[in-house]
Amino acid sequence: MRLAAWTTAKRLASLTLMGGLVFLSASTDAQILHKKKKKVNKSTAADNTAEPDKVLYQRALEDIRKGRQEVGRLSMQTLINTYPDSEYLAKAKLAIADSYYKEGGTAGLAQAIQGYKDFGIFFPFLPEASYAQLQVANSHYQQIAKPDRDRTEAKMAEEEFQTFLQKYPKDPLAAKAEQRLRNVQEIIAEGDYRIGYFYFVKGDKRAAAARLIALTRRYPLYSKSDKALWMLADIFEKSEHKEVASVYYGQIIKNYPLSPLVPDAKSRLVSFKVPVPQADPKAVAWMTAEQNMPRQKESFVKKPLALVRTAPHAEYVAAARTGAPNLAPEADNTSATDILTPGNRSQLGGSTGAGTGAVVEIVTPGTGGATTGGTTGGDGSGASGGTSGNQPASDGTAPNSGAASDPNATGSTPATQPAAQPTTPDATANPNGTGGGDAKTDATPTGGATDATAKPADGSQNGSNGQKESSSKKKKGLRKVVPW
């Protein structure tokens, strides 16, 4: 009995001891686990190094990445206003511009352009400055319209891409920017080509030549430059300026040797008895590379969509893939306005030396009367159409407001002009009283300076009779225009 009781007591004691040990171990583990959970909270830990501006920046970047552009911009703006000395200030400004760029649209891209430009102004020495300049160009590139529409965005994109390539020629993104610049210049050149072709078909040689000359000088990589040169040569050939036409035919043979127009250009030069130039080896290599370059082909299903497409597509496909684009800004001397400026002899042939005068010559308008410059014929003499301006006399007398004078003769004076011819139809049909041989010009609206009592050089009386008859016919002509 005693042995059994002692064994039972021993077992109870061992069980009690084991239970106590288990309880102690459980409480210790619970304390340890509780302490580990407290260490997870980084905001109260002693070794926490997270900066609030960094946390705010990363959170805003995540919002922008997931498409929450407005929320991300608000967080970035909070970072800029709250931490003006933060190291993430420049990155926050750039991220705001990126959010507008990703948002797209006319308003979004306008905000993006302004943000990128501000970044380039305030942080020009940071590595991200080149990226900001490229994004300005890309923002304009996204808004380019077709060649027959507004080209404002295309011009601005060309300028921004040129600025990027001039400032950062060794940037890793320079190759992409160079190709986009070729695309932009293809679109601009296509617009000029269509305008020049329109005037060429219409028969306006001056306007067609002005557009085509500027096009061929500025955009040699344009896919239709050979056709533009051919039209220029045809214009000058039909205007009897074969020396200028031969220059443009020679440019086709030399600079575009693989063009289908080369055989015809050679035959024209042979007919002009002009030496045929040799093809440039660099031009041959360039055109060979362009022909071997793979091009995107539009599927048969997508071709009808070209009618409703607002952005250019065919121009991007036809744009050059090799060759250095033009990085020089557009100069005034290549514009159509400068070529057609009144008072100057239009040098439509460019720097082709002597004998490259224009098909059209515009005489400087005079100061004594309301006269208009006339267009000349193919010989450039200025005597085939229109009324020339007043030419001043060599002795300081008033300019002759009568018949058209030779542009090259500057010494003619009213005293050397013959007496008025009363039977001339032009003297009676001109309502303004500026007829060719009229000597009485004080009654004209333009206020001529010739004396009304002037007599012929031989002193005969026929001159005065002619004056009276002409004056009466002039008054009749004025009554037809002004009844009262």
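Thresholds, definitions, all that
- Residues numbered from 1 in each chain as written.
- Predicted model: local features only at pLDDT ≥ 70, side-chain atom pairs only at ≥ 80, totals over all residues.
- Heavy atoms only, no water.
- Helix = DSSP H or I, 4+ residues; strand = E, 2+ residues; numbered from the N terminus.
- Buried < 20%, exposed > 50% of the residue type's maximum accessible area, 1.4 Å probe, protein only.
- Contact = heavy atoms within 4.5 Å.
- Areas by Shrake-Rupley, 256 points an atom, 1.4 Å probe, with all protein chains shown as cover.
- 1 Å grid on protein atoms, 1.4 Å probe; cavity = no way out; pocket = protein on both sides within 12 Å on 5 of 7 lines; lining within 4 Å.
- Points joined across faces, edges and corners; volume = space filled by probe spheres on them.
- Nonpolar A, V, L, I, M, F, W, Y, C, P; charged D, E, K, R; others polar.
- Phe/Tyr/Trp six-rings, centres within 6.5 Å; stacked < 30°, edge-to-face > 60°.
- Core = buried A, V, L, I, M, F, W, Y, C linked by side-chain atoms within 4.5 Å.
- Salt bridge = Lys/Arg side-chain N within 4 Å of Asp/Glu carboxyl O.
- Patch = residues over 30% accessible without salt bridge, like charges linked within 9 Å, V, L, I, M, F, W, Y side chains within 5 Å.
- Axes fitted to C-alpha atoms, helices over the stretch in contact; angles between N-to-C directions.
- Parallel < 35°, antiparallel > 145°, perpendicular 65-115°, else oblique.
- Left-handed = near helix turned anticlockwise from the far one by under 90°.
- Expected span 1.5 Å × (residues − 1).
- Arc of directions from axis to C-beta.

Student: Where do I start with the overall build of the protein in this structure?
Tutor: When its secondary structure is counted, the protein shows 17 helices and zero strands. Per-residue burial for the protein yields a buried fraction of 35% across its 484 residues. Expressed as a percentage of contacts within the protein between residues at least 6 apart in sequence, the contacts between residues at least 24 apart total 54%. Roughly 28800 Å² of accessible area belongs to the protein as shown, and the carbon and sulfur atoms make up 57% of that amount.

Student: Is there a simple way to explain the environment of Leu-56 in this structure?
Tutor: Position of Leu-56 among the secondary structure elements: in helix 2 (residues 52-65). Along the sequence, Leu-56 and Gly-72 sit 16 residues apart, while their C-alpha atoms lie 9.7 Å from each other. Apart from residues lying up to four places away in sequence, Leu-56 is in contact with Ser-75, Thr-78 and Leu-79.

Student: What should I look at first to understand the layout of surface pockets in this one?
Tutor: Space left empty within the atom packing is revealed by a probe, the size of a water molecule, rolled over the atoms. Here the second largest pocket is characterised by a volume of approximately 310 Å³. What lines the second largest pocket is a set of 15 residues, among which Ser-223, Trp-286, Met-287, Glu-290 and Arg-295 lie closest to the centre. Sorting the residues of the lining of the second largest pocket by element identifies helix 13 (281-292) and helix 14 (314-318) as the ones contributing at least two each. Grouping the constituent residues of the lining of the second largest pocket by class yields nine nonpolar, three polar and three charged.

Student: Would you explain empty space enclosed by the protein in this entry?
Tutor: Inspection of every chain in the model, using the stated rule, returns one cavity of 30 Å³ or more. Approximately 70 Å³ is the volume attributed to the largest cavity. As for the largest cavity, its lining consists of Arg-182, Gln-185, Glu-186, Tyr-219, Pro-220, Leu-221, Tyr-222, Ala-319 and Ala-320. When the residues that make up the lining of the largest cavity are grouped by side-chain class, the tally is six nonpolar, one polar and two charged.

Student: Where do I start with the packing of aromatic side chains in this structure?
Tutor: Here a ring pair, both rings aromatic, is described through the centre-centre distance and the interplanar angle of the planes. Summed over all chains, the structure comprises twelve aromatic pairs. Ring geometry for Tyr-57 and Tyr-88: centres 5.2 Å apart, planes at 25°, overall stacked. Of this pair, Tyr-57 sits in helix 2 while Tyr-88 is found in the loop between helix 3 (69-82) and helix 4 (89-103), placing the two residues 31 residues apart along the sequence. Among the residues examined, Tyr-57 registers a relative accessible area of 12% and is labelled buried.

Student: Please clarify how the environment of Ala-208 should be interpreted in this entry.
Tutor: Looking at the secondary structure, you find Ala-208 in helix 9 (residues 205-218). Expressed as a C-alpha distance, the spacing of Ala-208 and Arg-194, which sit 14 residues apart in the sequence, is 9.8 Å. Apart from the residues lying within four places of it in its own chain, the contact partners of Ala-208 are Gly-196, Tyr-199, Phe-200 and Ile-235.

Student: Is there a simple way to think about the nonpolar core in this case?
Tutor: In summary, soluble globular proteins display a tendency toward joint burial of nonpolar side chains. Of all hydrophobic cores here, the largest spans 47 residues; its most connected members are Ile-144, Phe-161, Val-184, Leu-215, Leu-232, Tyr-248 and Tyr-249. Sorting elements by how many residues they give to this core places helix 8 (residues 174-202) first, with eight residues. Discounting chain neighbours no more than four positions away, the residues touching Tyr-249 are Trp-230, Ala-233, Asp-234, Glu-237, Ala-265, Arg-268, Leu-269 and Phe-272.

Student: I tried to follow unusual backbone geometry on my own but got confused; where do I start?
Tutor: Most of the time, phi is negative for any residue but glycine, and the peptide bond is trans. Notably, Glu-240 is not glycine yet its phi reads approximately 65°, a positive angle. Its location among the elements puts Glu-240 in the loop between helix 10 (225-238) and helix 11 (242-255). Phi is positive for Lys-273, which is not a glycine, with a value near 60°. Take Lys-273: it is sitting in the loop between helix 12 (262-272) and helix 13. We classify Lys-273 as exposed; its relative accessible area is 78%.

Student: Just checking my understanding: could you explain the pattern of salt bridges for this structure?
Tutor: Pairing is possible between side chains of opposite charge, provided their charged atoms come close. Counted under the stated rule, the structure contains 16 salt bridges. Its salt-bridge partner being Glu-62, residue Arg-65 comes within 2.4 Å of it at the nearest N-O pair. Taken together, the residues span about one helical turn, with Arg-65 and Glu-62 both in helix 2 at a distance of three residues. The exposure class of Glu-62 is partly exposed, given its relative accessible area of 29%. Across the pair Glu-103 and Arg-73 runs a salt bridge whose closest N-O atoms are separated by 3.1 Å. Of the two residues, Glu-103 sits in helix 4 while Arg-73 sits in helix 3, which places them 30 residues apart along the sequence. Take Glu-103: its relative accessible area is 43%, and that puts it in the partly exposed class.

Student: What is the right way to read a nonpolar patch on the surface from this model?
Tutor: Together, Leu-12, Leu-15 and Met-18 make up an exposed nonpolar region whose accessible area comes to about 340 Å². Among the secondary structure elements, Leu-15 is positioned in helix 1 (residues 2-40). Its relative accessible area of 56% is what places Leu-15 among the exposed residues.

Student: Explanation requested: the packing of helix 8 against helix 9 in the structure shown.
Tutor: A pair of packed helices is captured by two measures, namely the crossing angle of their axes and the spacing between those axes. Running from N to C, helix 8 and helix 9 point in directions that differ by 155°, and their axes come no closer than 8 Å. In terms of axis orientation, helix 8 runs roughly antiparallel to helix 9. Between helix 8 and helix 9 the crossing geometry is left-handed. Only Ala-207, Ala-208, Arg-211, Leu-212 and Leu-215 of helix 9 make contact with helix 8, whose side of the interface consists of Ala-189, Asp-192, Tyr-193, Ile-195, Gly-196, Tyr-199 and Phe-200.

Student: Even after reading the chapter, I still don't get helix 3, so can you show me in this structure?
Tutor: One full turn of an α-helix is made of 3.6 residues, so residues set three or four places apart face in the same direction. For helix 3, built from 14 residues, the straight-helix expectation of 20 Å at 1.5 Å per residue is met to within 8% by its first-to-last C-alpha distance of 20 Å. If you check which residues of helix 3 are buried, you get Gln-69, Gly-72, Arg-73, Ser-75, Met-76, Leu-79 and Ile-80. Taken down its axis, helix 3 places every buried residue within 160° of arc, on the same side. Pointing more than 90 degrees away from the buried face of helix 3 are the exposed residues Leu-74 and Asn-81. As for helix 3, its buried residues are in contact with helix 2 and helix 4.

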